[in-house]
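# Topology and contacts: notes
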Amino acid sequence: MSDCDLITESMPLLLTESLDAEQRERTHQHIENCATCGDAWSGYRETWSLLATLPEVEPRPELKKGFLASIGENVKPFAPAKDRRYMKWLAQAAAVVIIAGGSYFAGHRTVGAPQNYQTPATINSQYSIAESRVLPAAAVSPTIEGRPNIENVSFVDTNPDDQTIDLSFDVTSHVTVTGRPTDKSMVRLLRYVLENENNKVSPSRSRTIDWVRAMYSKPGNAEPEISEALANVLRNDSHEGVRIKAVETMNRLPVNASADTREALIQALKSDPNPAVRIKAVEALANLARSGATLDAATLDTLRQKAVQDNENVYVRVKAAEALSSIHQ
Amino acid sequence: MKHLSDQELMRIVQAGDYSPASEIYDRYSSRIYNFAYRFLKNSEAAEDATQEVFVKMMKHANQFHGDAKLSTWLFSITANWCRDYLRKADNKTKESDDVLVNLPAPAELSPERTLEQRENERRIQKALGALTPEQREAILLSRYQGLSYAEIAQISGCSEGAVKTRVFRAMETLKKALTSEASGGQRCLTAI
């Protein structure tokens, strides 16, 4: 390896001031006397400076609120060793009581495949995911499978004279619902997930929208309720990236011309604080017009206003003008 | 809480008291978020990363040893999260540059100057996106977080020599993409 190669390799170290004094001096001397390395050094310095121009982005304040709220929900306080032993004992005691009582409710289950699932006597034929149930011990399998995650255990003896005790707990279960995209239950579940994602129903909000787009953009799967749910996401979601995805997906769905979805697009164009969302709303409205929908006078007026509004983002103005031009062609 | 060191705050957390959570978050959330955003080019994933890193920090506070810097530990968790995210095949296509578009235009700049600045930002993000994940991780920690090669090596689970190589190669690629060496030598604007 030549001197120049060695010097070039140490340029990033020179930029980060990671060379010791002697190496630094030697490197600088070489750079001053070697035109090739001098050019390379200028390039490195220019690149290093350019990188610094990338602006810092502040996380949204809601993120901190979410984190502080989740500490109570997701993180159990780290307990000193003595307390942990106590918790372990409590868990074991709970398990013993559960076994003695013949309690069972856990694991991964598939709703829609009832042949794999032993239905306890008290469960209705229609399964509700919001159900809080009371099960007699005799209705619960004594075999505990799948290492269920049991929390918030409480022991209650409401009537000391009746020979029965109550053991109450929360258990996390994983439910898979199988059905056609157009099944009412499936549509309602997806709608619930879409409209409640700010409450962390699902870990990634845009993942659901991606999936909805893939499933419901097929002509046979058109579902007005899904479009309405996306319109609500556009109105209410606090994250601009999610709102952008919602508009993009509305734009792809075969059924997106309802009054409700159009109203959501116009509202977004008028008042969404984020210019990228407003641009997407313009595109969606233009696309609606191109696909044959008639835009009413109020919508066209809004587009005209946006095209000439002095304090509007320059990209939004250009897009609105383009949209009007394409609509009138 | 503001007068306490990171180590002192973590000792309180390790004793089962979560009251320093807000202070620790204030000290590091911006750095963690920006690192994750620049690594993943996806603001939503960066938010998820930030949230999960801090929850993990509280959950596994007992794994933090006072002899290490809290920033190094937090960046280790963040880098792991980001690597896992990229490893999942369906996340590779989810890059977006929405945040750059979303940043409010500085009031003092003319529309032309704003466009130029946005275009520069886009070029830098694109150039960073063209690096391998290992190179990107190394250059982000070095340039934007000011970490030493020894700290980066600890975070990335590799030798200091490997970090040096990654930073060097990253700088070579970035120099070609961002300076007059770039093909065409242009920094002109293109309308979106």
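Cut-offs applied
- Residues numbered from 1 in each chain as written.
- Chains lettered and ligands numbered in written order.
- Predicted model: local features only at pLDDT ≥ 70, side-chain atom pairs only at ≥ 80, totals over all residues.
- Helix = DSSP H or I, 4+ residues; strand = E, 2+ residues; numbered from the N terminus.
- Buried ≥ 20, exposed ≤ 12 C-beta atoms within 10 Å, placed from the backbone.
- Axes fitted to C-alpha atoms, helices over the stretch in contact; angles between N-to-C directions.
- Parallel < 35°, antiparallel > 145°, perpendicular 65-115°, else oblique.
- Contact = placed C-beta atoms within 7 Å.
- Nonpolar A, V, L, I, M, F, W, Y, C, P; charged D, E, K, R; others polar.
- pLDDT = per-residue confidence, 0-100.
- Left-handed = near helix turned anticlockwise from the far one by under 90°.
- Expected span 1.5 Å × (residues − 1).
- Core = buried A, V, L, I, M, F, W, Y, C linked by C-beta atoms within 7 Å.

## Observations concerning the overall build of chain A
In terms of helices and strands, chain A carries 14 helices and four strands. In chain A, which comprises 329 residues, the share counted as buried stands at 24%.

## Let's talk about the packing of helix H10 (residues 240–252) of chain A against helix H12 (residues 275–290) of chain A
Residues and elements named next belong to chain A. It is the contact of H10 with H12, at a shortest axis distance of 9 Å, that shows an interaxial angle of 5 degrees. The orientation of H10 with respect to H12, classified from their angle, is roughly parallel. Of the residues in H12, those in contact with Glu240, Arg243, Ile244, Val247, Glu248, Met250 and Asn251 of H10 are Ala276, Val277, Lys280, Ala281, Glu283, Ala284 and Asn287. A breakdown of the residues in the contact of H10 with H12 according to their chemical character gives seven nonpolar, two polar and five charged.

## Description of the confidence of the model for chain B
Residues and elements named next belong to chain B. Counting all residues, the mean pLDDT for chain B is 83, and 81% of those residues have values of 70 or more. Within chain B, the element-level pLDDT minimum falls on helix H5 (residues 98–102), averaging 50, and the maximum on helix H7 (residues 133–144), averaging 95. Taken together, the stretch residues 185–192 has pLDDT below 50 and engages in five contacts with residues farther than four places along the chain or on a different chain. What the predictor reports for the complex is a pTM of 0.56 with an ipTM of 0.84.

## Notes on the packing of helix H9 (residues 224–236) of chain A against H10 of chain A
All names here are of chain A. In the contact formed by H9 and H10, the axes pass within 8 Å of each other and the chain directions differ by 150 degrees. Viewed along their axes, H9 and H10 adopt a mutual orientation that is roughly antiparallel. Where H9 crosses over H10, the two elements pack in a sense that is left-handed. Residues Ser227, Leu230, Ala231, Val233 and Leu234 of H9 touch H10, and the partners they reach there are Val242, Arg243, Ala246, Val247, Thr249 and Met250. Broken down by class, the residue content of the contact of H9 with H10 amounts to eight nonpolar, two polar and one charged.

## Brief notes about helix H4 (residues 70–87) of chain B
Residues and elements named next belong to chain B. For H4, with 18 residues, the first-to-last C-alpha span of 26 Å sits near the 26 Å given by 1.5 Å per residue. When H4 is considered as a whole, its buried residues turn out to be Trp73, Leu74, Phe75, Thr78, Ala79, Trp81, Cys82 and Tyr85. Where H4 is buried, its residues touch helix H2 (21–40), helix H3 (43–59), H7 and helix H8 (149–156).

## With respect to unusual backbone geometry
Backbone geometry places Lys41 of chain B, a non-glycine residue, at a positive phi of 55 degrees. You can call Lys41 of chain B buried: it has 21 C-beta atoms within 10 Å.

## Concerning the interface of chain A and chain B
Listed as interface residues are 44 residues of chain A and, on the opposing side, 46 residues of chain B. The set of elements that each furnish at least two residues to the side of chain A that touches chain B consists of helix H4 (35–51), helix H5 (61–74), helix H8 (205–216), H10, H12 and helix H14 (314–328) of chain A. Ranked by residue count, the leading element in the side of chain A that touches chain B is H5 of chain A, at eight residues. The residue makeup of the side of chain A that touches chain B, split by class, is 24 nonpolar, 13 polar and seven charged.

## Quick look at H7 of chain B
Residue and element names in this part refer to chain B. Taking 1.5 Å per residue as the helical rise, H7 with its twelve residues ought to reach 16 Å, and the 16 Å between its terminal C-alpha atoms agrees with that figure. Burial analysis of H7 places nine of its twelve residues in the buried class, which makes it a mostly covered element. Gln135, Arg136, Glu137, Ala138, Ile139, Leu140, Leu141, Ser142 and Arg143 are the residues of H7 that are buried. Just past H7, the residue Gly146 takes up positive phi, approximately 65 degrees.

## Description of the environment of Lys218 of chain A
Residues and elements named next belong to chain A. One can find Lys218 in the loop between H8 and H9. Residue Lys218 is classed as exposed on the basis of its 11 C-beta neighbours within 10 Å. Taking the C-alpha atoms as reference, Lys218 lies 9.2 Å from Arg252; in sequence the two are 34 residues apart.

## Quick notes on the nonpolar core
In terms of nonpolar packing, the biggest core is built from 56 residues, with Ala36, Leu40 and Cys82 of chain B touching the most fellow members. Looking at which element gives the most residues to this core, the answer is H2 of chain B, with eleven residues.

## With respect to the confidence of the model for chain A
Residues and elements named next belong to chain A. Looking at chain A, pLDDT values average 77 and 77% of them are 70 or higher. Mean pLDDT per element in chain A: helix H6 (residues 81–101) is the minimum at 43, and H4 is the maximum at 91. A low-confidence stretch, residues 112–124 stays under pLDDT 50, and its non-local contacts, those more than four residues away or across chains, total 15 contacts.

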